[in-house]
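Residues per chain, in single letters:
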Amino acid sequence: MKEKLYPFEDIEKKWQAYWLGTGLFHMDPKSRRDKYYCLVMFPYPSGKLHVGHGRNYIIGDAIARYKIMKGYNVLAPMGWDAFGLPAENAAIKGGLHPKESTLNNITAMKSQLSRWGVGYDWTREVTSCLPDYYKWTQWIFLKLFKKGLAYRKKAAVNWCPSCNTVLANEQVVNNLCERCDSRVVDKDLEQWFFKITDYAQQILDDLTGLKSWPERVKTMQANWIGKSEGVDIDFPVEGEDFNITCFTTRVDTIFGATYMVIAPEHPDVPRLIKNSAGEQDILKFINSAKAQSRMSRFSDESEKKGIFTGRYVINPVNKNRIPLWIANYVFMEYGTGAVMAVPAHDQRDFDFAKKYHLDVRVVIDDPRAPSAAQPGMNVAYIEDGVMINSGQFNTLPNKSAAGKIAGWMEVEGIGRRSVHFKLRDWLISRQRYWGAPIPIVYCDKCGVVAVPEEDLPVLLPDKVDFKPHGKSPLSGVEDFVNTKCPKCGKKALRETDTMDTFVDSSWYFLRYLSPKNGDSAFDKDIVDKWLPVDQYIGGVEHAILHLLYSRFITKVLADLGFVGFKEPFRALFTQGMIIKDGAKMSKSKGNVVSPDELIIKYGADTVRLYTLFIGPPEKDAEWNDRAVEGAYRFLGRLWKLTSRVNDTERGKNGPGPGDRILERKMHQTIKKVTRDIEVDFKFNTAISAVMELVNRVYTAVENGDTYYAKEAVTNTVLLLSPFVPHVAEELWQRLGNRPSIFSQPWPVYSESKAREESLVLPVMVNGKLRAKIEVDDTASEEQVKAAALADSKVNGYIKSACVKKVIVVAKKLVNIVI
RNA sequence: GCCGAGAUGGCGGAACUGGCAUACGCGUCGGUCUCAAAAACCGAUGAUCGCAAGGUCAUGUGGGUUCAAUUCCCACUCUCGGCACCA
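Residues numbered from 1 in each chain as written. Chains lettered and ligands numbered in written order. Predicted model: local features only at pLDDT ≥ 70, side-chain atom pairs only at ≥ 80, totals over all residues. Heavy atoms only, no water.

**Focus on the overall build of chain A**
- Within chain A, the regular secondary structure consists of 26 helices and 34 strands.
- Based on the C-alpha atoms only, the size of chain A along its principal axes is roughly 105 × 85 × 50 Å.
- Taken across its 818 residues, chain A has 53% of its residues classed as buried.
- A separation of at least 24 residues holds for 72% of the contacts in chain A among residues at least 6 apart in sequence.
- For chain A, the exposed surface amounts to about 37,100 Å²; the carbon and sulfur share of it is 50%.
- Mean positive and mean negative side-chain charge positions of chain A (112 and 100 charges, respectively) differ by 2 Å. (Helix = DSSP H or I, 4+ residues; strand = E, 2+ residues; numbered from the N terminus. Buried < 20%, exposed > 50% of the residue type's maximum accessible area, 1.4 Å probe, protein only. Contact = heavy atoms within 4.5 Å. Areas by Shrake-Rupley, 256 points an atom, 1.4 Å probe, with all protein chains shown as cover. Lys, Arg positive; Asp, Glu negative; His and termini not counted. Charge placed at Lys NZ, Arg CZ, Asp CG, Glu CD.)

Pasting the structure below:
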């Protein structure tokens, strides 16, 4: 073991205890200072944190400490997203009970967090698997249920016939069960949904107001919601008295529809094919499409396949008789589950038409090459153009025709404008043990009955057989299942599904404000004061689901009057992942780097500094164990430098030129670090700026320019304190100041002292760097130009050539074009 | 496949609003110290041609705009994240 560069072990212990004692991270509810709610996404207690997780908490901690120094009343809470699949899977394999393993993991991770020096208000800790938390998750379910926003319908799950159990998507690999390699099939079960689609428009619209969210996250959410405006068109079924309605965004192509395709699950399928000649073949096709399961639609080999029903529908605009097909590429979940196919103007339809020899009818003509888009074409014409073969709409540009056709259809009663979303309702049922029980009772007489609020929580029983037996684990617990109907008092059965863990995590940020409140989920007055969260920090992998669900639940609670705001997170920062050996750090890949050994070897501050220095926090970054040493060396250098400047005095003669250089650098550094933190949390460049300053102080001290040395080091320590709090606190004290450094205001710079007096400008000839000239800061454009042209080196390049143009960019460069 | 992001030395990365490409750190090489090594400290370090002065080439690939492009535009390749039951 090599010698330590500084006694980080003692220092870190000492100051961690000190902060705990002084309550540095305790939010003061009575404070008059401005509030700042700094929230990091609470972790799933998976066992041990690795340095990849650490990035999230270190960034959050740096921001919290910075804001404390900026004078805010900071709330930085922490909790545990403690329900979930891994704990249950471990129990099935014969491990500990999920409750036990989860609580063990929490203890372990909590101690890891404190060793990292990340501070939280632990008096506000929440744990989603404990009854005092999930009671209120159940309460939220009841609120949605009573509002008509929770409902039951059949939906498919991944089913492994061999294991006799439901599988998570993650447990399905290439359509096979990860445990036994059996082919996974879809199985329809009656399940609970939250009607998030009712809020689709609002969730979409309110994205606009989220000014401090990353653009990419907003785009992803908008695309996920997937609003499209178009027309629902009714196609009468030949020989029947009902219509099939299809949704199209391209109503301008309606005259070109040559066939219709519906989803295998379309509700009209049975009556359409009943007793038909091809019934058996069609059923076979449908079964194989369903057996393909929802999982395989992402796989590339999934070919577009279809089968003719033998039936025809009538295109309502021109009474054309068009064949009705069933195909695996139409989904019941989107639109109406029926698509009018226009092969001439849609590539997917075109490919399908070619494959099955269906008609292609051109209705939009390419204006640049009229009549070029004709049969015989080998790709669909998807550009704009002029309407042809479209009755009274011929000769119109297709864009304006679309509106006219829609209007005409509404008048004729054959179609109507409509809006569809890709967003589907949120399936919250899980046939699992380790989740919050859904507070519902089924009574033969009264039907589906909500558990009364006063009977909450519906406790999760401890004694459960985890081994799969074809049903939800809770259904095997007699005491749990058998209950009395809250309405009529007769025998009734409990719902045995539990809730998706995303429900738990969609409201935890409200619970932090009154974590021990036994009377309500949260207190409206306090929550209204502290929300929305000022800064939310977490991984970009949550860009869609978690952030969408949280926004939805918040809006529901707002509509019910429980909260006075519609968006939970004012600002969002999504940090990148830590990569090791080219892959995301994860236990299963075996490439995790544990912080524990690194902290023992170099101290927490080194790990923190390296984590922040590794790269721009919003981007992925490759972890390098060797490079951690660089951060350690830097802290060692700073330690030595501090004792070196500690007893330097300001000379009587005042600052010399060398001192002024250091003074300027010091002000420039304060400026840059502050800016880097305020704008986008660019900790990596902030730290490199401080490193430059430290290098400069060394040079200055070597040269005997010590006038500003101590001041510069003092500011260095202040600037670094959010990043390396322990060593900063220690050096702050050693520099003769009273703790805590976090009760100090953030340093300020002077613009005039940061300004350079003279500039070195590059001079380019024909875009190539040829010379550098030194000019005064205040030099005019003409003066700069003259100086450049007078330069001997420059003249060597110009020689006798004629100077065409001289471009002077103020304070940047000179370019001479010859 | 669809949606989103990214690609800069041997490596992590920097570059404000189109203006000196490679800051800062790692690694490597050379030196100081040492009996020696480690640590620490000092110096060099994009590639290439050249004794040198200096030249040429370089920001995933191919085009374009511009006095000037890592930055803007078009086309492409590869990598990563998400795709609704991992969280």
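**Thoughts on the sheet that holds strand β33 (residues 805-809)**
- The strand order β32-β31-β34-β33 describes an open sheet built from four strands, whose pairing is mixed. Here the strands that pair on one side only, and so sit at the sheet edges, are β32 (768-776) and β33. Ignoring which end each strand starts from, the neighbouring axes of this sheet average 20 degrees apart.
- Examined bridge by bridge, β33 and strand β34 (residues 813-817) share five bridges and lie antiparallel to one another. By the bridge assignment for β34, V809 is matched with L813. (Pairing = 2+ DSSP bridges. Axes fitted to C-alpha atoms, helices over the stretch in contact; angles between N-to-C directions.)

**So, the state of the cysteines**
- Following the criterion strictly, the structure yields zero disulfides and no others.
- The structure places no disulfide on C177, whose sulfur is separated from the nearest cysteine sulfur, that of C180, by 3.7 Å.
- Here C485 is not disulfide-linked; the sulfur of C443 is the nearest cysteine sulfur, at 3.7 Å.
- In this structure C485 comes out as buried when scored by relative accessible area, which is 2%. (Disulfide = S-S within 2.5 Å.)

**Some words on helix α19 (residues 625-646)**
- Spanning 22 residues, α19 covers 33 Å between terminal C-alpha atoms, matching the ideal 32 Å at 1.5 Å per step.
- Turning to α19, its buried residues are V628, A631, Y632, F634, L635, G636, L638, W639, L641, T642 and V645.
- If you follow the buried residues of α19, they end up packed against α1 (8-22), α17 (595-602), α18 (604-613), α21 (683-702), α22 (709-720) and α23 (725-734).
- For α19, the N-terminal cap is N624; the gap from its side-chain oxygen to the backbone nitrogen of R626 is 2.9 Å. (Expected span 1.5 Å × (residues − 1). Polar contact = N/O pair within 3.5 Å; in protein donor to acceptor, adjacent residues only side chain to side chain.)

**Points about the environment of R65**
- Tracing the backbone through its elements, the reader meets R65 in helix α2 (residues 51-69).
- Looking at R65, the relative accessible area reads 0%, which means it is buried.
- Along the chain, R65 and F25 lie 40 residues apart, while their C-alpha atoms are 8.8 Å from each other.
- What R65 contacts, discounting residues up to four positions off in sequence, is W19, L24, F25, G117, G119, R608, S721, P722, P725 and F742.
- Within the structure, the side chain of R65 is placed 2.8 Å from the backbone oxygen of G117, a separation counted as a polar contact.

**A look at the pattern of salt bridges**
- Per the counting criterion, the structure on display carries 33 salt bridges.
- K218 serves as the salt-bridge partner of E215, at 3.5 Å between the closest nitrogen and oxygen. Within this pair, E215 and its partner K218 are both found in helix α7 (residues 215-225), separated by three residues, close to a single helical turn.
- By relative accessible area, E215 is classed as exposed at 55%.
- According to the relative accessible area criterion, K218 is buried, its value standing at 10%.
- A single salt-bridge network, built from bridges that share partners, covers D206, R551, K555 and E567. (Salt bridge = Lys/Arg side-chain N within 4 Å of Asp/Glu carboxyl O.)

**Brief notes about the packing of α19 against α23**
- At their nearest, the axes of α19 and α23 sit 10 Å apart, and the two run at 10 degrees to each other. Comparing their axes, α23 and α19 come out roughly parallel. From α19, L635, L638, W639, T642 and N646 reach across to α23, where they touch V727, E730, L731 and R734.
- When its residues are assigned to classes, the contact of α19 with α23 shows five nonpolar, two polar and two charged. (Parallel < 35°, antiparallel > 145°, perpendicular 65-115°, else oblique. Nonpolar A, V, L, I, M, F, W, Y, C, P; charged D, E, K, R; others polar.)

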